[in-house]
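# Structural characterization, general
Listed below are the residues making up each chain.
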Amino acid sequence: MPEESTPSHHQQVVELAKRRGFFFPANEPYGGVAGFWTYGPRGATLKHNIESRWRERFAIGEGHMEIDSPTIFPEPVFEASGHLRDFTDMIAECPACGRAHRADHLVEATGEVADAEGLSITAIEALMDDLDVHCPDCGNSLADVAVEEFNLMFKTAIGPGSGETGYLRPETAQGIFVDFNRLAEYARNQLPFGVTQIGRGYRNEISPRRAIIRVRELTMAELEFFIDPERDEPDFSQVDDGQVVLYPVAAQEGDREHRHLDVVTAVDEGIITNAWVGYFIGITHTWLTDLGVDPERLRFRQHLPGERAHYARDCWDAEVYLGSDWTELAGLADRGVYDLTKHAEATGEEYTVFRAYDEPKTVERAMVDPDMATLGPEFGERATAIADELERLAATDPDAFDTDTAVVVEVGGDTLEVPVEATGFSIETVTEAGEGVRPEVVEPSFGVDRLVYTVLEHSYHEDEIDGEERRYLALPPSIAPTLAGVFPLLRSDDLSERARMIERHLADAGLSVAYDETGNIGRRYRRQDEIGTPFCITVDHQTLEDDTVTLRERDSTEQIRLDTDSLAAILRDLRDGRSTFEDVRGDADSVMRGVDG
RNA sequence: GCGCCGAUGGUCCAGUGGUAGGACACGAGCUUCCCAAGCUCGUAGCCCGGGUUCAAUUCCCGGUCGGCGCACCA
């Protein structure tokens, strides 16, 4: 188990992060505000690199579209999405022991009320009184306790004066759902398609904790993937067939054992019910481990039924072990048609994609064409309502028109008789080419800040080189803030000048390099080790003779000698994953040193 | 939001009712030169507000921030 083999380095990572500029509390001179952090020079670059890798894999790599929506939305959007109601918790604090509880949960726990979440505060207070609710911790009566509202969305005012109420988005997803119709048009109305967004979201957390793990302003990377559930199947040939660690509901409630399976088998055996969720679990696993997340400390845990968000039919979290416990890194949710349906209801827009039938269908359909010239004088202001009711009746009960005299309709509580000849009833044969389909949504949603933290903690290592302790970050070259350090072996005019030239050459080639000539060479290696720089290039006296330099690899501290001409291309290949240090070493002349022991 | 603990250079800590010291780091220089070497010099700090006191970084109260536990995490 991870508990035994992988001690937490949380303290060391946070200390290193502050000291070397990965992240630090924001606004410290003003005392700071909990839950807000600034990324320093190394952290901002690391985060940016991780976002770029996400974009490559989940947007470009999957052929999806990226958008960038506002972070402030008007109130009706969250009214429709359910966030306004479900993001507001009702808290009741016990006067005896001081513990806060969800008031609606207390009421539901009595068994008298099935769903208290949507009730008003006064209704909940009355129920707590009537049902004689007691504190689950100390047993004190909560009958007269005031219920307070705690809204986890940040509220703001749009425009001057009383303005319009707005909220900072708690997830980037709504910006995609709201504008679905336009986005579907950009996708040429072809399912499946995906839309991604990387951006900030805001949650007024009750208790921000653990540095950048739980914050009030966070960066999310989300993919909303729209599928036709009857037609679209994932292509599992794109998914690594290696095993992933799964922790389904049945295991959580039963033997508590993790399942080690490949995702295709997990889908085939019904452990993962939505094949697309299985697909994204597969590519998420590969993507995360490529970034340096330790596969031994990564699992996919299915949400328990009571744990799911209001919009989710099913959800699997990618969880990482961070010393103290398992922490959610990403959520892979089956949101079904929930969001699009809600926005369709609220706006009257379609939120569907037209799907042609294989063959146009010819169907017989009961139609009405009410003769308003008759109904108007006859029924006055009720004529329009009668026409609507006739249309409904034709669709649901065409036999009602099978009469020689009058059709009976109920409008506004009155039973009225409409002469059948005035209804314009007929059975028409119509040809339908297709129908509007409301796609289902599968959503991989990543917490970028947590990923930054996890990559740091999982890559943190301590070892010993020549009897000296060393700490280093084993960051992959694809995300390391600096790709290579460039040093003169010692500070002298000729070596420094030559090293400066190489630094310039590599920077011009678009590589992130850092020149350093202070202190002795060992100190400079350690500096770069500590911020996760994977390679160091050293210019020595031999460089002046044959134009070669040494290339040192961080984790092994091995060095090889290379022609300076080939440096830029080799470093670029190393950064972009086209080759490894092992490959380069195999091609090189000599190995100069390695790890001791 | 509750409870416990903490807050002193960039980082990690020691200490004191009369405004502070170490280690590491950082900068300048000398020396050495392929893995945090040595020497000299230098930069830099008591979370905020109130109270007690002649005097508060120190004691008391409140707040803020951080860590942990509980609750929460849609």
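This is a predicted model, so every value here is computed, not measured.

Our next topic: empty space enclosed by the protein. Scanning the entire structure with this criterion turns up one cavity of 30 Å³ or more. In this model, the largest cavity occupies a volume close to 40 Å³. In this structure, the largest cavity is lined by V13, L16, A17, F22, L456, Y460 and L473. Among the elements that take part in the lining of the largest cavity, helix α2 (residues 10-20) stands out by supplying three residues, more than any other.

Moving on, we get to the pairing of strand β19 (residues 414-419). Here strand β18 (residues 406-411) runs beside β19; their pairing, made up of six bridges, is antiparallel. Across the sheet, residue V407 finds its bridge partner in β19, namely V418. The turn joining β18 and β19, which pair antiparallel and follow one another in sequence, is formed by two residues; a positive phi near 55° is taken by G412.

Attention shifts here to the sheet that holds strand β4 (residues 72-74). In space, the three strands of this open sheet follow the order β4-β9-β8, with antiparallel pairing throughout. Each of the sheet's edge strands pairs with one partner strand only, and the pair in question is β4 and β8 (155-158). The average angle at which neighbouring strand axes cross in this sheet is 40°, direction not considered. For β4 and strand β9 (residues 164-168), the ladder comprises three bridges, and the chain directions are antiparallel. Bridging across to β9, I72 finds its partner in L168.

On to the packing of aromatic side chains, then. As enumerated under the stated definition, the model contains 23 aromatic pairs in all. The interplanar angle of 5° and the centroid separation of 4.4 Å between the aromatic rings of F401 and F425 together place this pair among those described as stacked. Of this pair, F401 sits in the loop between α15 (383-396) and β18 while F425 is found in the loop between β19 and β20 (426-437), placing the two residues 24 residues apart along the sequence. Look at F401 and you get buried, because its relative accessible area is 4%. Relative accessible area serves as the criterion here: at 26%, F425 is assigned to the partly exposed category.

Right, let's get into the protein's contact with RNA strand B. Surrounding RNA strand B, one finds 48 residues, the nearest of these being E15, R203, A309, N520 and R527. Of what RNA strand B places within 4 Å of the protein, 50% of the atoms are sugar or phosphate. Between RNA strand B and R210, the relevant distance is 3.2 Å, taken from a phosphate oxygen to a main-chain nitrogen or oxygen of the residue. One nitrogen or oxygen atom from the main chain of A211 is found 2.8 Å from a phosphate oxygen belonging to RNA strand B. When residues of the surface near RNA strand B are traced back to their parent elements, those giving at least two are α2, α5 (83-86), β6 (100-102), β23 (468-473), α18 (521-530) and β27 (548-553). With six residues, α18 is the single largest residue contributor to the surface near RNA strand B. Considering only residue class, the surface near RNA strand B consists of 13 nonpolar, 13 polar and 22 charged.

Here we come to the packing of helix α3 (residues 41-60) against helix α12 (residues 275-290). Orientation of α3 relative to α12, taken along the N-to-C sense of each, is 145°, at an axis distance of 11 Å. Seen along the crossing, α3 lies across α12 with a hand that is right-handed. Between α3, through I50, R53, W54, R57 and F58, and α12, the contact on the second element is made entirely by I283, T284 and W287. Per-class residue counts for the contact of α3 with α12 are five nonpolar, one polar and two charged.

When a strand is regular, its side chains alternate between the sheet's two faces. The alternating pattern of strand β12 (residues 244-247) places V244 and L246 and V245 and Y247 on opposite faces, both of which are buried. Here three bridges tie β12 to strand β13 (residues 259-261), and the two strands are oriented antiparallel to one another. Paired with L246 across the bridge in β13 is R259. Sheet analysis places β12 next to strand β14 (residues 298-302), joined by two bridges and oriented parallel. Within β14, the position partnered with Y247 by the bridge is R301.

On the surface, a cluster of negative charge is contributed by D129, D130, D132 and D144. Along the chain, the position of D144 falls in the loop between α7 (121-130) and β7 (147-151).

Once that is clear, we can look at the confidence of the model for chain A. The predicted coordinates should not be examined in detail at positions where pLDDT is low. Mean pLDDT over chain A works out to 88, with 93% of the residues at or above the 70 mark. With pLDDT under 50 throughout, residues 1-5 is counted as low confidence; its partners more than four residues away or in other chains account for five contacts.

What follows is about the packing of helix α17 (residues 493-508) against helix α20 (residues 564-575). Between α17 and α20, whose axes approach to 10 Å, the crossing angle comes to 40°. Two packed elements cross with a definite hand, and for α17 against α20 that hand is right-handed. Where α17 approaches α20, its residues R498, I502, H505 and L506 are matched on the opposing element by T564, L567, A568 and L571. Within the contact of α17 with α20, the residues separate by chemical class into five nonpolar, two polar and one charged.

Attention now moves to the side chain of R355. Within the secondary structure, R355 sits in strand β17 (residues 353-367). The residues contacting R355, other than those within four sequence positions of it, are D228, E230, R231, A433, G434, E435 and V437.

By the burial criterion, the buried members of helix α13 (residues 338-347) are Y338, D339, L340, T341, H343 and A344. Its buried side turned inward, α13 meets α4 (75-81), α8 (173-178), α9 (180-186), β11 (217-227) and β16 (326-336). Trailing α13 by a residue or two, G348 shows a phi angle of about 80°, which is positive.

Cut-off values and rules
Residues numbered from 1 in each chain as written. Chains lettered and ligands numbered in written order. Predicted model: local features only at pLDDT ≥ 70, side-chain atom pairs only at ≥ 80, totals over all residues. Heavy atoms only, no water. 1 Å grid on protein atoms, 1.4 Å probe; cavity = no way out; pocket = protein on both sides within 12 Å on 5 of 7 lines; lining within 4 Å. Points joined across faces, edges and corners; volume = space filled by probe spheres on them. Helix = DSSP H or I, 4+ residues; strand = E, 2+ residues; numbered from the N terminus. Pairing = 2+ DSSP bridges. Axes fitted to C-alpha atoms, helices over the stretch in contact; angles between N-to-C directions. Phe/Tyr/Trp six-rings, centres within 6.5 Å; stacked < 30°, edge-to-face > 60°. Buried < 20%, exposed > 50% of the residue type's maximum accessible area, 1.4 Å probe, protein only. Near = heavy atom within 4 Å. Polar contact = N/O pair within 3.5 Å; in protein donor to acceptor, adjacent residues only side chain to side chain. Nonpolar A, V, L, I, M, F, W, Y, C, P; charged D, E, K, R; others polar. Left-handed = near helix turned anticlockwise from the far one by under 90°. Contact = heavy atoms within 4.5 Å. Patch = residues over 30% accessible without salt bridge, like charges linked within 9 Å, V, L, I, M, F, W, Y side chains within 5 Å. Areas by Shrake-Rupley, 256 points an atom, 1.4 Å probe, with all protein chains shown as cover. Salt bridge = Lys/Arg side-chain N within 4 Å of Asp/Glu carboxyl O. Lys, Arg positive; Asp, Glu negative; His and termini not counted. Charge placed at Lys NZ, Arg CZ, Asp CG, Glu CD. pLDDT = per-residue confidence, 0-100.

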